[in-house]
Amino acid sequence: PDTVQGSALGQLIVGDGHQNVAFLVFNDAYGTGLRDVIQKTVEEAGGTVTYGGTGKGQEFPPGQTTFSSEVTAAIASKPDAIVVIAFDETKAIVPELVSQSWDMKSTYYTDGNTSDYSKVFDKGTLEGAKGTIPGANAADDFKKRLSDWHQSVEGSALSDYSYGAESYDATILAALAAKKGGATDPTTIQKNLAAVSGASGGTECSTYKECADLIAKGDSIQYKGVSGVGPFNAKNDPSSAFIGIYDFDADNKPVWKSAVEGKS
């Protein structure tokens, strides 16, 4: 859930030493939802939001193409970091930030715009900026399993493993929920997903066979998958998950550097 990514990005911003944060965010449920969680995390750590915060009415509409006034206002609020939460609008926001002499190393991005801009911006434009993309950086042996399977089915190796671990774990959880519920209809699976994720405790297990054997014996289980997500919470969202931290290189490409665990 976005609550996990927002928490992780807020922790990253504060951990980098920033205290005064401005948002350039579009008025969309995705954008404002992430903004709200990031803001809460920053403020709980003693930071301040200087522009674009909750309830200020400073969001811009999706699809906007010029951002001179928004960038001017954000910089005038004297932040030491700017968070850009947008999709394609980012391609117009970044040049405006550059033209107004903002230090691009002090910008942060989310999964909606932590992308390869090597063919969009001049070399070095985003170098040192950071972004987040939800998902674990899976172990090499797991990546090899995925790639070998893709090679056997599709005839090509994988080059992108985004959400591979999460998709795998979702499949295993659904199968275990069906096993526990004794049926494969959607309602049965939904009703048992939280339980097999470990929401009520249980014996930890890490493969379908191991977990299914425990279920067959009548035991409660907690599936510990390759993505590292925590048991489901009351909203049936993962209670925690790993968020990848990416640094933009000189070619304006995001490069995985580390991961932090966010909680919802």
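Above this text sits the structure in question.
Since the model is a prediction, treat every value here as computed from it, not as a measurement.

## Here we look at the overall build of the chain
Then, number 1: Per the secondary structure count, the chain includes eight helices and nine strands.
Then, number 2: Each of the 264 residues in the chain was classed as buried or not, and the buried ones make up 42%.
Then, number 3: Expressed as a percentage of contacts within the chain between residues at least 6 apart in sequence, the contacts between residues at least 24 apart total 62%.
Then, number 4: When the accessible surface of the chain is totalled, it reaches about 12,700 Å², and 50% of it is carbon and sulfur.

## Section: the pairing of strand β5 (residues 130–134)
Then, number 1: Taking burial as the measure, the five residues of β5 include four buried ones, the bulk of the element.
Then, number 2: Note: strand β4 (residues 107–109) against β5, two bridges, orientation parallel. Paired with Tyr 109 across the bridge in β5 is Gly 131.
Then, number 3: Where β5 and strand β8 (residues 240–248) come together, five bridges link them in antiparallel fashion. Bridge assignment links Ile 133 to a residue of β8, and that residue is Gly 244.

## Remarks on the pattern of salt bridges
Then, number 1: On inspection of all chains with the given rule, the structure shows eight salt bridges.
Then, number 2: Between Asp 213 and Lys 209 there is a salt bridge; the shortest N-O distance is 3.0 Å. One end of the pair is Asp 213 and the other is Lys 209, both in helix α8 (residues 208–216) and four residues apart, which spans about a single turn.
Then, number 3: Here the salt bridges do not stand alone but share partners, grouping Arg 35, Asp 36 and Glu 59 into one network.

## Focus: the nonpolar core
Then, number 1: Core analysis: the largest hydrophobic core is formed by 39 residues, its most contacted members being Leu 24, Val 83, Ile 85 and Leu 97.
Then, number 2: Excluding its chain neighbours within four sequence positions, the residues that come into contact with Leu 97 are Leu 24, Val 71, Ile 82, Val 84, Trp 102, Met 104 and Thr 107.
Then, number 3: Formed by 16 residues, the second largest nonpolar core is a distinct cluster that contains Leu 173, Ala 177, Ala 178 and Ala 212.

## Brief notes about helix α6 (residues 164–181)
Then, number 1: Counted at 1.5 Å a residue, the expected span for α6 with its 18 residues is 26 Å, and the 26 Å between its end C-alpha atoms agrees.
Then, number 2: Looking at the buried side of α6, the elements it contacts are α5 (140–154), α7 (186–197), α8 and β7 (221–223).

## Quick look at the environment of Asn 252
Then, number 1: Relative to the elements of secondary structure, Asn 252 occurs in the loop between β8 and β9 (254–263).
Then, number 2: On the basis of relative accessible area, Asn 252 is assigned to the buried category, the value being 0%.
Then, number 3: The spatial distance from the C-alpha of Asn 252 to the C-alpha of Ser 99 is 17 Å, given a sequence separation of 153 residues.
Then, number 4: Beyond its immediate chain neighbours, meaning those up to four positions away, Asn 252 contacts Ser 115, Asp 116, Tyr 117, Ser 118, Phe 121, Asp 122, Lys 123, Gly 124, Thr 125, Leu 126 and Glu 127.
Then, number 5: Among the polar contacts listed, one links the side chain of Asn 252 to the backbone oxygen of Phe 121, at a separation of 3.3 Å.

What counts, and where the lines are drawn
- Residues numbered from 1 in each chain as written.
- Predicted model: local features only at pLDDT ≥ 70, side-chain atom pairs only at ≥ 80, totals over all residues.
- Heavy atoms only, no water.
- Helix = DSSP H or I, 4+ residues; strand = E, 2+ residues; numbered from the N terminus.
- Buried < 20%, exposed > 50% of the residue type's maximum accessible area, 1.4 Å probe, protein only.
- Contact = heavy atoms within 4.5 Å.
- Areas by Shrake-Rupley, 256 points an atom, 1.4 Å probe, with all protein chains shown as cover.
- Pairing = 2+ DSSP bridges.
- Salt bridge = Lys/Arg side-chain N within 4 Å of Asp/Glu carboxyl O.
- Core = buried A, V, L, I, M, F, W, Y, C linked by side-chain atoms within 4.5 Å.
- Expected span 1.5 Å × (residues − 1).
- Polar contact = N/O pair within 3.5 Å; in protein donor to acceptor, adjacent residues only side chain to side chain.

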